[in-house]
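Here is how the chains run, residue by residue.
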Amino acid sequence: MHHFSPNTIFYTPDALNERGKDIIQQYNPVEVLQTPQHNRLPPLEIGHYKAKSDILVLGRLKTLQCKWSGRSADYIAPSFANGCFGACAYCYVDRHKPVNPITLFTNVEEILQTIDKHVQQLPWPKKPNQTDEVYYTYDIGCNSDVSVDATIADSIRLAIDFFRDHPKAKATFATKFVNPTLLALNPQRKTRIRFSLMPARISKLVDVRTDPIEQRIQAINDFYQAGYEVHVNFSPVIVYGGKQWRADYQELFLQLDQTLLPEVKAQMQSEVIFLTHNRSQHEANLEINPKAETLLWTPVLQEDKRSQMGGYNIRYERHLKSKMMEVFQQIHQETIPWCHIRYIF
Ligand code: SF4
């Protein structure tokens, strides 16, 4: 895993609790600058990649809300962080800000209290659904990569402890990194990691600065043995090269089939999300990562979709997409029938 080592830390005064001060201390010497709002930094004269590797922002999360999801989890938990060291060309977290360094929220206890209060109001026992048979599930990694956040502060360790001890709630997060320090925690199957996978040759172009696919696959057995539930997240599925994408997915599935232990296969499920891209991100990427755009921007296969946030998103044309999903499910069923698909869209 790349080592995150910022040289500038912005902070809002209300982020400077003990945790905030410890984080600044841990990266010392760094330039430390106060900012009135964590999401309105002064203009930064540095590029996309440098902003992600050189800057850390400490803030206090004020909007403490759990939002209904029903897909990756029952609910999206309030974020422990926003932004990521990685620079995936399709990343939706990067779409809404001109520069997107990691912003870490230091009011972790308030976030955990919010989740507890939320789950305690829900009917119990929970009605089983595709996210979990028993527990209410909370996605704790929708706006960042939790494996990276865990290298910066104790927030993720505290979250994993919280969910382990909680009688009704379970955590889940997707990741594109392998952070071996997470293996030393004790989740007792109350945290589900979803390793994000796609064909390695494509990942090299679009999953910028994340850990290689081979490494993510090799880590799955270890995370299971350390007490995590481990699923896989086939996302985004990118269609390329005529039928080449089919052959590459088959190879990926075969690799999983050959690598995973029987007990890991027995608990594994997957989720499948076909690529959604975005017009303004496409334009930005033409400067930042034009090679990735040859895979992500294929107008002959795509159509516009107005997003809930008001942006112009692009997705595979609906009739083509239903054919693509059929093909994907067929290869999946033929190669890794033991891996139930929780949802696909
Ligand atoms: S690892 Fe996840 S959060 Fe980070 S840039 Fe890639 S898609 Fe975005």
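Residues numbered from 1 in each chain as written. Predicted model: local features only at pLDDT ≥ 70, side-chain atom pairs only at ≥ 80, totals over all residues. Heavy atoms only, no water.

Engineer: Could you clarify how one ought to interpret the layout of surface pockets in this entry?
Structural biologist: Any empty space left between the atoms is revealed when a probe the size of a water molecule rolls over them. Each pocket or cavity is described by its volume, and for the second largest pocket that value is around 230 Å³. Lining the second largest pocket are 16 residues, with His48, Asp94, Gln281, Ala284 and Ile288 sitting closest to its centre. Within the residue set of the lining of the second largest pocket, elements represented by two or more residues are helix H2 (48–54) and helix H10 (279–288). Broken down by element, the residue count for the lining of the second largest pocket peaks at five residues, all from H10. Here the residues of the lining of the second largest pocket are counted per class, giving seven nonpolar, six polar and three charged. (1 Å grid on protein atoms, 1.4 Å probe; cavity = no way out; pocket = protein on both sides within 12 Å on 5 of 7 lines; lining within 4 Å. Points joined across faces, edges and corners; volume = space filled by probe spheres on them. Helix = DSSP H or I, 4+ residues; strand = E, 2+ residues; numbered from the N terminus. Nonpolar A, V, L, I, M, F, W, Y, C, P; charged D, E, K, R; others polar.)

Engineer: Which parts of the structure should I look at to understand helix H3 (residues 108–120)?
Structural biologist: Because an α-helix completes one turn every 3.6 residues, residues spaced three or four positions apart along the sequence face the same direction. Helix length check: H3, at 13 residues, gives a terminal C-alpha distance of 18 Å against a target of 18 Å (1.5 Å per residue), a fit within 8%. For H3, the complete set of buried residues consists of Val108, Ile111, Leu112, Thr114, Ile115, His118 and Val119. Seen from one end, H3 has its buried residues packed into an arc of 150 degrees, which puts them on one side. Along H3, exposed side chains directed more than 90 degrees from the buried face belong to Gln113 and Lys117. (Expected span 1.5 Å × (residues − 1). Buried < 20%, exposed > 50% of the residue type's maximum accessible area, 1.4 Å probe, protein only. Arc of directions from axis to C-beta.)

Engineer: Hey, could you run me through the state of the cysteines in this one?
Structural biologist: Each disulfide consists of a covalent bond between the sulfur atoms of two cysteine residues. Within the structure shown, the criterion is met by zero disulfides. The thiol of Cys142 is unpaired, and the distance to the nearest cysteine sulfur, on Cys91, comes to 11 Å. When its relative accessible area of 18% is taken as the criterion, Cys142 is described as buried. (Disulfide = S-S within 2.5 Å.)

Engineer: Can you help me understand the pattern of salt bridges in this one?
Structural biologist: If the charged atoms of two oppositely charged side chains come close together, the side chains can form a pair. Counted by the stated rule, this structure contains 24 salt bridges. A salt bridge links Arg216 to Asp207, with the shortest nitrogen-to-oxygen separation between them at 3.1 Å. Neither residue differs from the other here; Arg216 and Asp207 are each classed as buried. Taken together, the salt bridges that share partners define one network made up of Asp132, Lys170, Arg192 and Glu229. (Salt bridge = Lys/Arg side-chain N within 4 Å of Asp/Glu carboxyl O.)

Engineer: When you look at the sheet that holds strand E15 (residues 312–316) in this model, what are you seeing that I'm missing?
Structural biologist: Through backbone hydrogen bonds, the strands of a sheet pair up, either in parallel or in antiparallel fashion. One open sheet holds the three strands; their spatial order is E13-E15-E14, and the pairing between them is antiparallel. Since the sheet does not close on itself, it has two edges, and those belong to strand E13 (276–278) and strand E14 (302–306), each with one partner. The average angle at which neighbouring strand axes cross in this sheet is 35 degrees, direction not considered. Contacting E13, E14 and E15, H10 crosses the sheet at an angle of about 70 degrees to E13. (Pairing = 2+ DSSP bridges. Axes fitted to C-alpha atoms, helices over the stretch in contact; angles between N-to-C directions. Contact = heavy atoms within 4.5 Å.)

Engineer: Got a minute to help me understand the side chain of Ser235 in this structure?
Structural biologist: Relative to the helices and strands, Ser235 is located in strand E11 (residues 229–237). Taking relative accessible area as the criterion, Ser235 reaches 14% and is therefore assigned buried. Among residues more than four places away in sequence, those in contact with Ser235 are Lys176, Ser196, Leu197, Met198 and Ile273.

Engineer: Could you clarify how one ought to interpret the environment of Gln37 in this entry?
Structural biologist: Mapping Gln37 onto the fold places it in the loop between strand E2 (31–34) and H2. A relative accessible area of 37% means that Gln37 is categorised as partly exposed. Separated by 35 residues in the primary sequence, Gln37 and His2 place their C-alpha atoms 28 Å from one another.

Engineer: Mind showing me how you'd approach the pairing of E15 here?
Structural biologist: For a regular strand, the rule is simple: side chains alternate between the two faces of the sheet. With three bridges joining them, E13 and E15 adopt antiparallel strand pairing. Paired with Thr276 across the two strands is Arg315, which belongs to E15. Bridging between E14 and E15 involves five bridges; their strand directions are antiparallel. In the sheet register, Arg306 faces E15, and the bridge partner there is Tyr312.

Engineer: I keep staring at the sheet that holds strand E4 (residues 67–68) and nothing clicks. Help me out?
Structural biologist: Overall, mixed pairing links the eight strands, which are arranged E4-E5-E8-E9-E10-E11-E12-E16 in an open sheet. The open sheet terminates on both sides in strands that have one partner only, identified here as E4 and strand E16 (340–344). Bridging between strand E10 (residues 191–196) and E11 involves five bridges; their strand directions are parallel. Its bridge partner lying in E11, Ile193 is registered against Val230. The sheet contacts of H3 involve strand E5 (75–76), strand E8 (136–139) and strand E9 (169–175), and relative to E8 the element is tilted by about 150 degrees. Packing against the sheet, helix H7 (residues 213–225) makes contact with E10 and E11, and its axis sits at approximately 160 degrees to E10.

Engineer: Explain the nonpolar core to me, please; I cannot follow it from the model alone.
Structural biologist: The nonpolar side chains of a soluble globular protein tend to be buried, and buried together. One finds Tyr138, Phe234 and Ile238 to be the most contacted residues of the largest nonpolar core, which totals 77 residues. Looking at this core, the element that brings in the most residues is H7, giving six residues. Contacts of Phe234, omitting those with residues within four sequence positions, involve Leu197, Leu252, Phe253, Leu256, Ser270, Glu271, Val272, Ile273, Phe328, His332 and Ile336. (Core = buried A, V, L, I, M, F, W, Y, C linked by side-chain atoms within 4.5 Å.)

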